Amino acid sequence: MSETGASNAQQKKPTTLNNETACCTWSSFARTLESWVFRLINIIARFIFQLIYGVNGKSMPAITDPILLESASSLARKIRRQELTSVQVLESFIRRIKDVNPLLNCVVDERFDDAMKEAQEADELIKSGKFSENELADKKPFLGVPISTKDCIAVKGLLHTSGLYERRNYKAEKDAETIALMRQAGAIPFALTNVSEVCMWWESNNTVHGRSRNPYDTNRIVGGSSGGEGCIQAAAASPFGLGSDIGGSIRMPSFFNGIFGHKPSKFVVSNEGQFPIPFSVEQNSFLGIGPMVRHAEDLKPVLKIIAGEKSSLLKLDEPVDLKKLKFFYKENDGGGRLVSPVDKDIKEGVHRIVEHLQNKLNVPVEQVQLSQFRQSATIWFANMKDDSGYGFEHQLGNLKFAINPYTELLKWFIGASKHTFIGLLTAILDKSQCQFGSSKYHHLVQKRNELREEMQKLLGDNGVLIYPTHPTVAPYHNEPIIKPINFSYTGIINVLGFPATAVPLGTLGSEGLPIGVQVIANFNQDRLCLAVAEELEKAFGGWARPAISI
């Protein structure tokens, strides 16, 4: 290179660097501006929703029956020992549903009469002496205990609508595999609970059954898509239940309603009998059916049953020494785009857990960064794509045809559509996301794989991560439309395939609503999540009971 050329190159270099610096500065400024605009919109929206609904709504009625306070495991023991009858237990929960459902709208179908016959049969079997108490505990661990589930998991003879108007009269012809396994264990299906339309939104509202309301404040959401199940559990109107989770559909309702909920490791629990069904192996790995309960002791036995032959992979009977676990925590996602800041109450909850683990168990707790969590939503949306040719507009058409979301949206504005606004908006936005097979898709799949590998190395076979389940407590009805990306705190765990347990922290926060965290572990290390959940329940109280008048 000539001296003149070298001199020109040297002169150009600072210009290039200045351009890059200016670009980075502008990008940082734009991101900061976007963040402040998003916060301002949320503040204005919150003010409007408070004007619409009022600061506080009604709360669930007081509990007047001590049976409602028992865990499902405790009820099963008392039924086996003939301290209670299955009929007594079922009657108590039916009464409770009739007390709370007019207010909460969480139950959308029931089989009370058939369940009562099955309860009588369970009592007769116990009285017959055909099996000893120990034999019953082994063969039918939940004999005579009523169980509820959401309206996308098939229960023979009950509605199976998934909140879709096209399916409003559809009834399941047979049980989902998980329900069949719970029946074999002696449980008695008795109630079906509300969901969001086609189970793809985090507020449970649809044009078939309407909107469910939070038992701690009826102006607030119950979450979705297992929102009705979270609600019925928090209201003590069912001993235990099943939900399903593809982006947080167990953990968000569990968090908003202050109960325990577990999303199992990928491929452990069968998804057979759900609607809508996953279209690919990848989607099937993201979706999982799991327990939703008020008492942590019910998590492990239910998971063991619904995992069926694969339960051995989880080694659930293997004891967990909490003092030998590695504990990590992360108090936020690192600043994801258009994601709300984590509430002060939730951050304080995380710190109380850290303090408890350090002081009581005398174990170190390490704060971690995991910078790719900032892209949680983008990674989730991309990894949900498949090559089936079925988009969300097909799901809204009951997989028989694709609706025209634009036409339906026009109809919605004049009250003529049978779909929800958010369902139609989701169908429209579905096409705007990166598509399967694109360069962006492959880039984001690689991002997921890198994050999965990083977390596997971090957690090993004896590590857990404490992480917020959601950045805010239960919002007002319709408020999620303003902050749709907040589901990313749970969604990222689905595409990674790890198990995670939502854990309530006993007390209500400053807004009078439950707070909690999720506990995450490596593949098939579900028992670690469950053991930590039980420890945190002992330390902080778990489910916050409503008023009790017995």
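Residues numbered from 1 in each chain as written. Predicted model: local features only at pLDDT ≥ 70, side-chain atom pairs only at ≥ 80, totals over all residues. Heavy atoms only, no water.

Observations concerning the overall build of the protein
Point 1. Helix and strand content of the protein: 18 helices and 13 strands.
Point 2. Taken over the C-alpha trace, the protein has a radius of gyration of 24 Å; the compact-globule value for 550 residues is 24 Å, and the two agree within 12%.
Point 3. Projected onto the principal axes, the alpha-carbon positions of the protein cover approximately 105 × 60 × 45 Å.
Point 4. Per-residue burial over the protein gives 57% buried out of 550 residues.
Point 5. Residue pairs at least 24 apart in sequence account for 78% of intrachain contacts in the protein once pairs closer than 6 positions are excluded.
Point 6. Carbon and sulfur atoms make up 52% of the accessible area of the protein, which amounts to about 22700 Å² in all. (Helix = DSSP H or I, 4+ residues; strand = E, 2+ residues; numbered from the N terminus. Rg over C-alpha atoms; globule rule 2.2 N^0.38 Å. Buried < 20%, exposed > 50% of the residue type's maximum accessible area, 1.4 Å probe, protein only. Contact = heavy atoms within 4.5 Å. Areas by Shrake-Rupley, 256 points an atom, 1.4 Å probe, with all protein chains shown as cover.)

Details of the sheet that holds strand β8 (residues 288–293)
Point 1. If you trace the 11 strands from one edge of the open sheet to the other, you get β1-β3-β2-β6-β8-β7-β12-β13-β11-β9-β10, paired in mixed fashion. Strands at the two margins of the open sheet, each flanked by one partner only, are β1 (107–110) and β10 (365–367). For this sheet the average axis-to-axis angle between neighbouring strands, irrespective of direction, equals 25°.
Point 2. Running over the sheet, helix α6 (residues 177–184) touches β2 (146–150), β3 (188–193), β6 (240–245) and β8 and is turned about 160° from β6. (Pairing = 2+ DSSP bridges. Axes fitted to C-alpha atoms, helices over the stretch in contact; angles between N-to-C directions.)

Thoughts on the layout of surface pockets
Point 1. Of the pockets and cavities examined, the second largest pocket occupies roughly 360 Å³.
Point 2. Broken down by element, the residue count for the lining of the second largest pocket peaks at 5 residues, all from helix α1 (residues 3–53).
Point 3. The residue inventory of the lining of the second largest pocket, partitioned by class, reads 6 nonpolar, 6 polar and 6 charged. (1 Å grid on protein atoms, 1.4 Å probe; cavity = no way out; pocket = protein on both sides within 12 Å on 5 of 7 lines; lining within 4 Å. Points joined across faces, edges and corners; volume = space filled by probe spheres on them. Nonpolar A, V, L, I, M, F, W, Y, C, P; charged D, E, K, R; others polar.)

Looking at the pattern of salt bridges
Point 1. Using the criterion set out here, one finds 25 salt bridges in the structure.
Point 2. Note that Arg-111 is salt-bridged to Glu-118, the shortest N-O span being 2.6 Å.
Point 3. You can call Arg-111 buried: its relative accessible area is 10%.
Point 4. A relative accessible area of 22% places Glu-118 in the partly exposed class.
Point 5. Two residues, Glu-118 and Arg-183, come together in a salt bridge whose shortest N-O distance is 3.7 Å. Within this pair, whereas Glu-118 is found in helix α4 (residues 112–128), its partner Arg-183 is found in helix α6, the two being separated by 65 residues in sequence.
Point 6. Here the salt bridges do not stand alone but share partners, grouping Arg-46, Asp-217, Arg-220, Glu-479, Lys-483 and Glu-511 into one network. (Salt bridge = Lys/Arg side-chain N within 4 Å of Asp/Glu carboxyl O.)

Some details on helix α17 (residues 488–496)
Point 1. Across the 9 residues of α17, 9 count as buried, placing the element largely inside the fold.
Point 2. Every buried residue belonging to α17 is among Ser-488, Tyr-489, Thr-490, Gly-491, Ile-492, Ile-493, Asn-494, Val-495 and Leu-496, and all of these are buried.
Point 3. Remark: Gly-497 follows α17 within two positions and exhibits a positive phi of approximately 85°.

What to know about the pairing of strand β7 (residues 260–263)
Point 1. Residues Phe-260 and His-262 line one face of β7 and the alternating positions Gly-261 and Lys-263 line the opposite face, and both faces are buried.
Point 2. Inspection of the sheet shows β7 paired to β8 by 2 bridges, in the antiparallel sense. Pairing of Gly-261 across the sheet is with Met-292, part of β8.

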